[in-house]
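Breakdown of the fold
Take a look at the letters that make up each chain.
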Amino acid sequence: MGTCLVVGGPNSGKTSLVLSLANLFGAELVIRTVTSAGKAVAWESSRARCELVSAHPHTTLEAQTIRVTVRTVKAWKEFDLVDTAGLVSYIHHDEAIRRAMAQTVALLSSADLVLHLVDAATLGSGLSEAVGPIDLELASYCHDHRSYLVVATKMDLATAPRGLARIRQLFPEGHIVPVSVVTGQGLKVVKSYIIRAL
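These notes cover the structure that comes with them. Everything numeric here is computed off the predicted structure, so don't read it as measured data.

Cut-off values and rules
- Residues numbered from 1 in each chain as written.
- Predicted model: local features only at pLDDT ≥ 70, side-chain atom pairs only at ≥ 80, totals over all residues.
- Heavy atoms only, no water.
- Helix = DSSP H or I, 4+ residues; strand = E, 2+ residues; numbered from the N terminus.
- Buried < 20%, exposed > 50% of the residue type's maximum accessible area, 1.4 Å probe, protein only.
- Contact = heavy atoms within 4.5 Å.
- Areas by Shrake-Rupley, 256 points an atom, 1.4 Å probe, with all protein chains shown as cover.
- Salt bridge = Lys/Arg side-chain N within 4 Å of Asp/Glu carboxyl O.
- Expected span 1.5 Å × (residues − 1).
- Axes fitted to C-alpha atoms, helices over the stretch in contact; angles between N-to-C directions.
- Parallel < 35°, antiparallel > 145°, perpendicular 65-115°, else oblique.
- Nonpolar A, V, L, I, M, F, W, Y, C, P; charged D, E, K, R; others polar.
- Polar contact = N/O pair within 3.5 Å; in protein donor to acceptor, adjacent residues only side chain to side chain.

**Describing the overall build of the protein chain**
In terms of regular secondary structure, the protein chain is built from seven helices and eight strands. The 198 residues of the protein chain split such that 47% are buried. If you take every contact in the protein chain between residues at least 6 apart in sequence, the share linking residues at least 24 apart comes to 70%. Total accessible area on the protein chain stands at roughly 10,000 Å², and carbon and sulfur atoms take up 53% of it.

Quick look at the structure:
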């Protein structure tokens, strides 16, 4: 069974994408989180988006997993779709956030596929922190060691096309898919990529 790890900066749209992809795959939407204390917590589908998606950065502080089973032309495939804590390029003052980021980095070594989310709208609005040194290091590591896809998020917003052009400059070796969870743009392309990669 494979693992698809969804990574990126805070508020890049990781949780929204994971929930949208789970819906597109027809997965029974039960997200399982194993807390640092080892306790398993389950979020049912009716509450997941309301409880887990937020405009506040660093809402996700533990890896959250959705088990997906999908029928392909040849066979059934099963994999884990894993939402992670947002990564930043500096040492965060909050210990819980530092632990969450360390967990995300540790999960990279066992992932079969990495979806690297970059907020195209924020980057397009001129905020350079939308892509930091950690994003470039992540791209370098994943390009050499993992199946890897750059996902340019929030393409429904006006500044996103400028951001997408910048993403193409910053990640010239990566395969890039523009996505909007609001309009559904690019979700089927990402779904197909996951099925092929896993």
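There is more to say after this.
**What to know about the pattern of salt bridges**
As enumerated under the stated definition, the model contains three salt bridges in all. A salt bridge links Asp80 to Arg67, with the nearest nitrogen and oxygen atoms 2.4 Å apart. Of this pair, Asp80 sits in strand β5 (residues 76-83) while Arg67 sits in strand β4 (residues 64-71), and the two are 13 residues apart along the sequence. Overall, Asp80 belongs to the buried group, its relative accessible area being 12%. The partly exposed category is assigned to Arg67, whose relative accessible area is 43%. Here Glu95 makes a salt bridge to Arg99, at a shortest N to O gap of 3.0 Å. Within this pair, Glu95 and its partner Arg99 are both found in helix α3 (residues 95-108), separated by four residues, close to a single helical turn. For Arg99, a relative accessible area of 46% gives the class partly exposed.

**Quick look at helix α1 (residues 14-25)**
Taking 1.5 Å as the rise per residue, α1 with 12 residues should run 16 Å; its terminal C-alpha atoms sit 16 Å apart, in good agreement. With respect to burial, α1 is a largely interior element, 10 of its 12 residues being buried. Of the residues one or two after α1, Gly26 is the one with positive phi, at around 75°.

**Points about the packing of α1 against helix α7 (residues 187-197)**
Where α1 contacts α7, the axes come no closer than 10 Å and their chain directions differ by 75°. The pairing of α1 with α7 is recorded here as roughly perpendicular in orientation. Between α1 and α7, the contacting residues are Leu17, Ser20, Leu21, Leu24 and Phe25 on the first element and Leu187, Lys188, Val190, Lys191, Ile194 and Ile195 on the second. Residue classes in the contact of α1 with α7 are distributed as eight nonpolar, one polar and two charged.

**Description of the side chain of His116**
Within the secondary structure, His116 sits in strand β6 (residues 113-119). For His116, a relative accessible area of 0% translates into the label buried. At a separation of 2.6 Å, a polar atom in the side chain of His116 contacts the side chain of Tyr148. Setting aside chain neighbours within four positions, we find His116 in contact with Val7, Gly8, Asp135, Leu138, Ala139, Tyr148, Leu149, Val150, Val151 and Phe171.

**Observations concerning unusual backbone geometry**
Phi is positive for Asn11, close to 60°, though the residue is something other than glycine. Here Asn11 shows up in the loop between β1 (2-8) and α1. Judged by its relative accessible area of 27%, Asn11 is partly exposed. In this model, Lys154 sits at a positive phi of 65°, which is unusual for a non-glycine residue. Considering the arrangement of structural elements, one finds Lys154 in the loop between β7 (147-153) and α6 (160-170). Taking relative accessible area as the criterion, Lys154 reaches 26% and is therefore assigned partly exposed.

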